[in-house]
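So you can see what is in the structure, the chains are spelled out below.
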Amino acid sequence: MRPGRGGAFRVQIAFFLFIWGFTFVTAGWFAWSARWLHRYGDAWKPAVVMGIAVTSCFALLAGLLTWTFVALGRGENGERFDPVPDPIERRLLAPVLAGWSARTWATALALVAVIAWAGYCWYLQLRYGLAVTGLGRPVFWGMYIVDFDFFLGIAYGLVLLSAVLRLAGADWRRAGQRLAAMGAVFAMIVGPVNILLDLGRLDHLHKVYASGRMQSPLLWDVASIMTFLITCLVYLFLPLIPDFGLLRERVGGFRKPIYRFLSFGWTGSAAQVAALDRANRLLAILVVFVAVIVRSVVAWITSLTLQPLWHSALTGPMYVLGAIFLSAAVLALLLAAMRRAFGLSAVIRPVHFDKLGLVLVLCAVVWGYLMVSELLTVSYGNEPDEMAIIATKLSGRFSLLFWMAVGGLFAAPVALLTRKSWRTAGRVVAASLAVFVGSWAQLYTELVPVLEHPRMPLPGSGHYRPAAVEIATFAGCLAAFVLLTMILTRFVPVVAVFYERRGRGDAAAQATERSREYQAEVTHP
Amino acid sequence: MAVDLDRCTACGACTVACAQENNVALGNPDRPDQLIRWMEILPAERGKYPEVSARLAPSPCQHCDREPPCARVCPVYATYRNVEGLIPQIYEQCIGCRYCVNACPYTCKHFNWSRPEFPAPFERGLNPDVSVRNAGVMEKCNFCYHRLQVVRDTAAQEGREPKLGEYRTACQESCPTKAIRFGDLDGELEGVRENERAFTLLEDLGLMPKVIYLKEKTS
């Protein structure tokens, strides 16, 4: 029987119609916006530019998916994909095939409790207004926006890091590729929730689509989040197809038809493998561009205003680097957690922590350079508005958080991981925790101190201190991120079985090939 | 609008009149940072104790004439520069993202952190010409725009053009020393920009605010 035909086939066709339809609806929305903007005499070109950018991204994705799935559908002549389970596969599929232990249930329930608490706090906020937060004048944006930046940094960074490693052909990337994509999707779901929390009129959200003003950086953000969420889902899904094909053969019961549907007729023939490889490669190129742009858009929300210290060209590069930095730490933490939880020390090796530690040190050095550039430029210029803010960071109200950021993002990685022999799993995890906390502290000290120092001497303006509601919702977001990761790891292997197995086969041959190339260069001048 | 700081006594009548005219709620005294006052007296302190001097200046929305930063960043056209040069705020269009106030160098917009409450007997003093805002939207001084509409309607009914000085704001009417003058900068207030005492707030940003201050006369 040809796998994936019948009811599942129709659902797949519906899925294609959906993604193409979504592309056309997006194009139509931008065209319609441009038209009414033109009619009412406002700038319409931004709508056209954004429309072309976003729509071409969607069209590329839809085309890529269609092309890949047509190629996969033709793979029926290949041999059935049913190899004998090897130790690696057994190890990786164990969490998927086994049931949930009592400990897992207990952890999940604890996480659900935290999320429920956050949900209750959200209810309180919806009922009594944003007055229940610590926000006020002049700090109109607080922890919600910091958390939004933070989670989006994780999402953008994870995708950027893993795609760059893939394009660079780093062999060790394979163990983290799936986790990176998973983390990115979940951060992409959890992050924008903070925007919903922050909005005063959630019930007016549709106005962003109905009468969006394309010159506003917030609209750029809406468009980029929309684009990136879809991109990230595809980025997670495509490499999952071979594993779905494998799981289809390995599981029974109600899960079998689901995996059969998701595997899109994967049989593992050479033509299918080639098609999927091509799609993954093209996708990696696409996501690098998209991730850099969308991360910069988040930075531009603040840096395009006139406010002192926000109005800096360095914010964009700093955010992009910060995202890579934070995501390397998150990836190290995820790898360590999975290794511990599922006993994957055969797959997640010391080399992974060594290399991620190296990424952390490199990021720390570049971060230090950017931070010194910023501080030197501002303090040499000695503008009173900016100096007042810098002073609160260096030695004033925000000094604790600022030096936590410096400690976590510069001192800890450099002190813990500089030498190769130091980059053990334990030290890398410790440095990653420091980077995790430091990144949050840095985003906080970039946002709040500026707002606490308005140019005008406002009467009755207070200091910002996050209220219980804001802390609870952040805890809820973190819990949701962990819970979603926990749930998905019970349905798909945390390391791609197909790619890991193939990578092991190819690695030796590729290394020989590389070394032969170097030698060829030397022997033929 | 022209504010003569030489005449201003910082009595605060403009603040009260503005709140009364525009249905601004009293607010929660426990959260002074969440208070809403469209017209405020800004204190600028100079020097250190004991040689302290304070300059006080009434400050509404500055109604920037050139590319208002709030209108530039608004995602939904809730605030914009209209044909008269005023910067209105459409409460029903606002989504409450607060980007406008974070972009405003004067921080002169306000957010409704909670549903405004008007305990008895204040609810009887509500101005029927002005809507009471919902929780979660931005609001700010709009130079008593509803009064302009009344002036226009009256003039249209009487079959004439609005007269100079007919459109007056609440703060202007309440000012006991006539420090606040209001009108068209090319009409009632013609020449005020050329006054030797004239200045605007944060002039170097080039936003050309339409609130012109006249500094104190030095004796």
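Up top you'll find the structure we're talking about.
This structure is a prediction, so every number in the text was calculated from the model and none was measured. (Residues numbered from 1 in each chain as written. Chains lettered and ligands numbered in written order. Predicted model: local features only at pLDDT ≥ 70, side-chain atom pairs only at ≥ 80, totals over all residues. Heavy atoms only, no water.)

Engineer: Just to check I follow, could you spell out the overall build of chain B for this structure?
Structural biologist: When helices and strands are counted, chain B shows 5 helices and 8 strands. Reading chain B from its N end, one meets helices and strands in the order β-α-β-β-α-α-β-β-α-α-β-β-β. A globule of 219 residues ought to have a C-alpha radius of gyration of about 17 Å, and chain B, at 18 Å, matches this closely. Principal-axis analysis of the C-alpha atoms places the extent of chain B at approximately 50 × 50 × 40 Å. (Helix = DSSP H or I, 4+ residues; strand = E, 2+ residues; numbered from the N terminus. Rg over C-alpha atoms; globule rule 2.2 N^0.38 Å.)

Engineer: I'm lost on the overall build of chain A in this one. Help?
Structural biologist: Of the regular secondary structure elements, chain A holds 18 helices and 0 strands. Over its C-alpha atoms chain A spans a radius of gyration of 24 Å, differing by no more than 12% from the 24 Å that the globule rule assigns to 525 residues. The principal-axis extent of the C-alpha atoms belonging to chain A is close to 75 × 65 × 60 Å. Across the 525 residues that make up chain A, the buried fraction comes to 55%. A fraction of 84% describes how many contacts in chain A between residues 6 or more apart in sequence connect residues 24 or more apart. Charged side chains in chain A number 46 positive and 28 negative. The centres of these two groups are separated by 6 Å. (Buried < 20%, exposed > 50% of the residue type's maximum accessible area, 1.4 Å probe, protein only. Contact = heavy atoms within 4.5 Å. Lys, Arg positive; Asp, Glu negative; His and termini not counted. Charge placed at Lys NZ, Arg CZ, Asp CG, Glu CD.)

Engineer: Honestly, the nonpolar core in this entry has me stumped. Any pointers?
Structural biologist: Side chains of a nonpolar character, in soluble globular proteins, are inclined to be buried together. Core analysis: the biggest nonpolar cluster contains 219 residues, and Phe69, Tyr156, Phe228, Leu238 and Leu283 of chain A have the highest contact counts within it. For this core, the element with the most residues is helix α5 (residues 143-168) of chain A, which contributes 17 residues. Sequence-distant contacts of Tyr156 of chain A, defined by excluding residues within four places in its chain, comprise Met188, Ser224, Ile225, Phe228, Ala291, Val294, Arg295 and Val298 of chain A. Counting 6 residues, the second largest nonpolar core, distinct from the first, contains Ala2, Leu189, Ile212 and Leu214 of chain B. (Core = buried A, V, L, I, M, F, W, Y, C linked by side-chain atoms within 4.5 Å.)

Engineer: Help me out: how do you make sense of a negative patch on the surface in this one?
Structural biologist: Residue and element names in this part refer to chain B. A cluster of acidic residues, Asp184, Asp186, Glu190 and Glu194, forms a negative patch at the surface. When you line up the elements, Asp184 lands in the loop between β6 (180-181) and β7 (198-199). Residue Asp184 is classed as partly exposed on the basis of its relative accessible area of 45%. (Patch = residues over 30% accessible without salt bridge, like charges linked within 9 Å, V, L, I, M, F, W, Y side chains within 5 Å. Areas by Shrake-Rupley, 256 points an atom, 1.4 Å probe, with all protein chains shown as cover. Salt bridge = Lys/Arg side-chain N within 4 Å of Asp/Glu carboxyl O.)

Engineer: Explain the pattern of salt bridges to me, please; I cannot follow it from the model alone.
Structural biologist: Once the charged atoms of two side chains with opposite charge are near each other, the side chains can pair. Inspection of the entire model under this criterion finds 31 salt bridges over all chains. Salt bridges sharing partners connect three or more residues here, namely Asp86, Glu89, Arg250 and Arg501 of chain A.

Engineer: Even after reading the chapter, I still don't get the interface of chain A and chain B, so can you show me in this structure?
Structural biologist: At the interface, 46 residues of chain A touch 46 residues of chain B. Considering only the surface of chain A that becomes buried against chain B, Phe140, Arg201 and Met456 of chain A emerge as the three largest contributors, covering 19% of it. Between the two partners, chain A and chain B, sit 3 salt bridges. Its salt-bridge partner being Glu92 of chain B, residue Arg201 of chain A comes within 3.7 Å of it at the nearest N-O pair. Connecting chain A to chain B are 29 residue pairs in polar contact (both at pLDDT 80 or more). Mapped by element, the contributors of at least two residues to the side of chain A that touches chain B are α1 (7-39), α7 (207-210), α8 (217-237) and α11 (270-303) of chain A. Of the residues that constitute the side of chain A that touches chain B, the class distribution is 24 nonpolar, 15 polar and 7 charged. (Buried area = accessible area lost by both parts, 1.4 Å probe. Polar contact = N/O pair within 3.5 Å; in protein donor to acceptor, adjacent residues only side chain to side chain. Nonpolar A, V, L, I, M, F, W, Y, C, P; charged D, E, K, R; others polar.)

Engineer: Honestly, the side chain of Arg255 of chain A in this entry has me stumped. Any pointers?
Structural biologist: Residues and elements named next belong to chain A. For Arg255, the position within the fold is in helix α10 (residues 255-262). Buried Arg255, no salt bridge; nearest opposite-charge side chain is Glu89, N-O distance 13 Å. A distance of 3.4 Å separates the side chain of Arg255 from the backbone oxygen of Arg490, its partner in a polar contact. Ignoring sequence-local partners within four residues, the contact set of Arg255 consists of Val96, Leu97, Arg490 and Phe491.

Engineer: Looking at this structure, how should I read the environment of Thr26 of chain A?
Structural biologist: All names here are of chain A. Its place among the elements puts Thr26 in helix α1. Judged by relative accessible area, which is 5%, Thr26 ranks as buried. Separated by 32 residues in the primary sequence, Thr26 and Phe58 place their C-alpha atoms 8.6 Å from one another. When near neighbours in sequence (up to four residues on either side) are disregarded, Thr26 contacts Val54, Thr55, Phe58 and Met226.

Engineer: Explanation requested: empty space enclosed by the protein in the structure shown.
Structural biologist: Where empty space is left becomes clear once a probe the size of a water molecule has been rolled over the atoms. On inspection of all chains with the given rule, the structure shows 8 cavities of 30 Å³ or more. Approximately 230 Å³ is the volume attributed to the largest cavity. The class makeup of the residues in the lining of the largest cavity is 12 nonpolar, 4 polar and 3 charged. Of the pockets and cavities examined, the second largest cavity occupies roughly 110 Å³. What lines the second largest cavity is a set of 13 residues, and nearest its centre among them are Gln307, Val450, Leu451 and Pro454 of chain A together with Thr107 of chain B. When the residues that make up the lining of the second largest cavity are grouped by side-chain class, the tally is 8 nonpolar, 4 polar and 1 charged. (1 Å grid on protein atoms, 1.4 Å probe; cavity = no way out; pocket = protein on both sides within 12 Å on 5 of 7 lines; lining within 4 Å. Points joined across faces, edges and corners; volume = space filled by probe spheres on them.)

Engineer: Whenever I open this one, the pairing of strand β2 (residues 40-46) of chain B confuses me. Can you help?
Structural biologist: Looking along a regular strand, one sees side chains alternate from face to face of the sheet. Residues and elements named next belong to chain B. Both β2 and strand β3 (residues 53-59) contribute to a ladder of 7 bridges, which runs antiparallel. Within β3, the residue paired with Glu40 across the bridge is Ser59. The turn linking β2 back onto β3 is made up of 6 residues, and Gly47 within it adopts a positive phi angle of 75°. (Pairing = 2+ DSSP bridges.)

Engineer: I would appreciate a short explanation of the packing of helix α6 (residues 174-198) of chain A against helix α12 (residues 315-342) of chain A in the present structure.
Structural biologist: The geometry of a pair of packed helices is captured by two quantities: the angle between their axes and the separation between those axes. Residue and element names in this part refer to chain A. Close contact between α6 and α12 brings their axes to 10 Å; oriented N to C, the two are set at 105°. Between α6 and α12, the angle falls in the class roughly perpendicular. Mapping the contact onto sequence places Ala175, Gly176, Leu179 and Ala180 in α6 and Leu331, Leu334, Leu335 and Met338 in α12. Of the residues that constitute the contact of α6 with α12, the class distribution is 7 nonpolar, 1 polar and no charged. (Axes fitted to C-alpha atoms, helices over the stretch in contact; angles between N-to-C directions. Parallel < 35°, antiparallel > 145°, perpendicular 65-115°, else oblique.)

Engineer: Where do I start with the side chain of Asp147 of chain A in this structure?
Structural biologist: Residues and elements named next belong to chain A. Looking at the element boundaries, Asp147 is found in helix α5. One buried charge, Asp147, has no salt-bridge partner; the nearest side chain with opposite charge is Arg295, at 11 Å. Separated by 2.8 Å, the side chains of Asp147 and Trp440 make a polar contact. Each residue touching Asp147, except ones within four places of it in the same chain, is listed here: Asn194, Trp440 and Phe474.

Engineer: So what exactly am I meant to see when it comes to a nonpolar patch on the surface here?
Structural biologist: Residues and elements named next belong to chain A. A surface patch of nonpolar side chains, about 590 Å² in accessible area, is lined by Trp67, Leu167, Leu282, Ile285, Phe289 and Ile293. The element that contributes the greatest number of residues to the nonpolar patch is α11, accounting for 4 residues. Within the secondary structure layout, Phe289 lies in helix α11.

Engineer: Explain unusual backbone geometry to me, please; I cannot follow it from the model alone.
Structural biologist: With an omega of 0°, the peptide bond between Arg137 of chain A and Pro138 of chain A qualifies as cis. Relative to the elements of secondary structure, Pro138 of chain A occurs in the loop between α4 (102-128) and α5. At the junction of Ala120 of chain B and Pro121 of chain B, the peptide bond is cis and its omega measures out at 5° in the coordinates. Turning to its location among the elements, Pro121 of chain B is positioned in the loop between β4 (110-111) and β5 (138-139). Positioned with a positive phi, Arg98 of chain B is a non-glycine residue whose angle comes to about 70°.

Engineer: Looking at this structure, I do not really get the sheet that holds strand β8 (residues 212-214) of chain B. What am I missing?
Structural biologist: Residues and elements named next belong to chain B. Here we have 4 strands laid out as an open sheet, ordered β6-β1-β8-β7, and mixed in their pairing. The strands lining the two open edges of the sheet, one partner per strand, are β6 and β7. Here β7 runs beside β8; their pairing, made up of 2 bridges, is antiparallel. Each residue of the ladder has a partner; that of Phe199, found in β8, is Tyr213.

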